[in-house]
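Here are the chains, one letter per residue:
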Amino acid sequence: MVLDNSAFNRLTQLIRDAYGIDLRKKHTLVEGRLGNYLTERGFKNFDDYLDCVARDNSGDERNALLNRLTTNHTFFMREPEHFTHFYDKVLPEIAGMAKNRDVRVWSAGCSTGQEPYTLYMLMDTYFSKLPGTWEYSVLATDISMRALETASEGIYDNAELADVPKDWRKRYLKDRGDGTSQFQDRVRNNIIFRPFNLMTPAFPFKQAFHVIFCRNVMIYFELETKTNLVKKYYQHTVPGGYLYIGQTETVARGTTGYEYIMPAVYKKS
C-alpha cells in the first residue's frame with residue numbers, strides 16, 4: 001500500500017505531537033512497517049486508517065501504531081562501561097548520601113527490560129555487601145505496552161543471557177527447562193514496570209531519583225524536545241545524582257544544569 005506525502009505528514013505529525021518522536025525522514029520505514037498491516041486490516045488507504053486511529057478513544061489503535069513504528073532493540077550489558085561506572089563510582093557515592101538508605105533509580109525507555117534487570121542486579125550485588133538494611137528499586141517505564149509485557153514477564157532465551165555473569169544467572173534467574181530462564185519473583189517485585197510518555201508536560205513523581213538512565217531514546221527527538229526533556233530530568237534528580245544517555249547522544253552545552261562527567265554521563269551538582 002502506497003503512503004502518499006499528505007498521509008505521511010499527517011501520520012508523522014500525530015506521532016510527534018503525542019510522543020515527541022520525529023519520523024519525518026523515515027518515509028520508507030513507515031510505509032514498509034504499516035503497508036501490509038493496513039491491507040490485512042481491510043483499510044483502503046492510509047487516510048482511512050488514520051481516521052480510525054483518531055476515532056478510537058481507548059487509545060488501543062494509537063498504541064498498536066506506535067508498537068509497529070518503534071524498534072525495541074536492546075540487549076543485556078549494552079554499553080557496559082556505563083554499568084561499570086554505575087557500580088564502581090556512582091553506587092558508593094549514593095551509599096554515602098542516600099537518606100534512610102532508600103535508593104531510587106529510573107530506567108526511562110526501558111524497552112523489553114534488559115536494562116532495569118541489569119541495574120537491579122548491580123544494586124543488589126553492591127548493597128547486599130553493606131551493613132544494615134537497604135531499600136532499592138528500579139522504576140522501568142516505556143511507551144510500548146508490548147515491550148512492557150515482555151519486560152514484566154522477565155523471560156529471556158538462555159542465549160540472550162550469555163553475557164550475564166554466571167553467578168548472577170544462578171542467583172537471580174531460574175531455568176525453565178525449555179531454553180529460556182525467568183527472573184525470580186524477588187527481582188521482578190523490586191522493578192516497577194509502568195507505561196509512561198516522556199512528553200508528559202509535568203512528571204508526577206513525588207520523590208527525585210538518584211540515577212536516571214535514558215539511553216538511546218532521545219535519538220528520535222528534535223533538539224527542542226531533547227532540551228526540554230533533560231530539563232525535566234534535572235528537576236527530578238537529587239543533588240549529586242546522575243543522568244546516563246546513549247553514547248551516540250549528547251546534551252547541548254548551556255542548556256542544562258548537569259555537569260559533564262564522561263561521554264554520555266552527567267551529574268547534578
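Residues numbered from 1 in each chain as written. Predicted model: local features only at pLDDT ≥ 70, side-chain atom pairs only at ≥ 80, totals over all residues. Heavy atoms only, no water.

Moving on: the nonpolar core. Counting residues in each nonpolar core, the largest one holds 43 residues, and the members touching the most others are Leu34, Trp106, Leu198 and Tyr233. At the level of secondary structure, the elements contributing two or more residues to this core comprise helix H1 (5-19), helix H2 (27-41), helix H3 (46-55), helix H4 (60-69), strand E1 (102-108), strand E7 (209-214), helix H10 (223-235) and strand E8 (237-245). It is H1 that contributes the most residues to this core, six residues altogether. When neighbours within four sequence positions are excluded, tyrosine 233 is seen to be in contact with Trp106, Ala108, Leu198, Phe203, Ile212, Cys214, Leu243 and Tyr258. With 41 residues, the next largest nonpolar core counts Met77, Tyr156, Leu161 and Leu173 among its residues. (Core = buried A, V, L, I, M, F, W, Y, C linked by side-chain atoms within 4.5 Å. Buried < 20%, exposed > 50% of the residue type's maximum accessible area, 1.4 Å probe, protein only. Helix = DSSP H or I, 4+ residues; strand = E, 2+ residues; numbered from the N terminus. Contact = heavy atoms within 4.5 Å.)

On to H3. Those residues of H3 lying buried are Phe46, Tyr49, Leu50, Cys52 and Val53. The arc that holds every buried residue of H3, seen down its axis, measures 155 degrees, which confines them to one face. Facing away from the buried side of H3 by more than 90 degrees, the exposed set consists of Ala54 and Arg55. Of the surrounding elements, those touching the buried residues of H3 are H1, H2 and H4. Sitting at the amino-terminal end of H3 is asparagine 45, which places a side-chain oxygen 3.2 Å from the backbone nitrogen of aspartate 47. (Arc of directions from axis to C-beta. Polar contact = N/O pair within 3.5 Å; in protein donor to acceptor, adjacent residues only side chain to side chain.)

Turning to helix H7 (residues 145-153), a few remarks are in order. Among the residues making up H7, those that are buried are Ala147, Leu148 and Ala151. For H7, the arc enclosing every buried residue in end-on projection is 95 degrees, short of the 170-degree limit, so these residues lie on one face. On its buried face, H7 sits against helix H6 (114-127), strand E2 (135-142), strand E3 (155-157) and strand E6 (191-195). One or two positions beyond H7, positive phi appears at glycine 154, with a value near 65 degrees.

Moving on, we come to the packing of aromatic side chains. A complete count under the given rule lists 26 aromatic pairs for this structure. Between tryptophan 106 and phenylalanine 209 the ring centres are 5.3 Å apart and the planes differ by 35 degrees, which places this aromatic pair in the tilted class. Of this pair, tryptophan 106 sits in strand E1 while phenylalanine 209 sits in strand E7; the two residues are 103 residues apart in sequence, bridging distant segments of the chain. Accessibility assignment for this pair places tryptophan 106 and phenylalanine 209 in one class, buried. Feature note: the residues Tyr87, Tyr120, Tyr126, Phe127, Trp134 and Tyr136 constitute an aromatic cluster, connected by ring pairs. Between the NZ or CZ atom of lysine 268 and the centre of the ring of tyrosine 234, over which it lies, the distance is 4.5 Å. (Phe/Tyr/Trp six-rings, centres within 6.5 Å; stacked < 30°, edge-to-face > 60°. Lys NZ or Arg CZ within 6 Å of the ring centre and 35° of its normal.)

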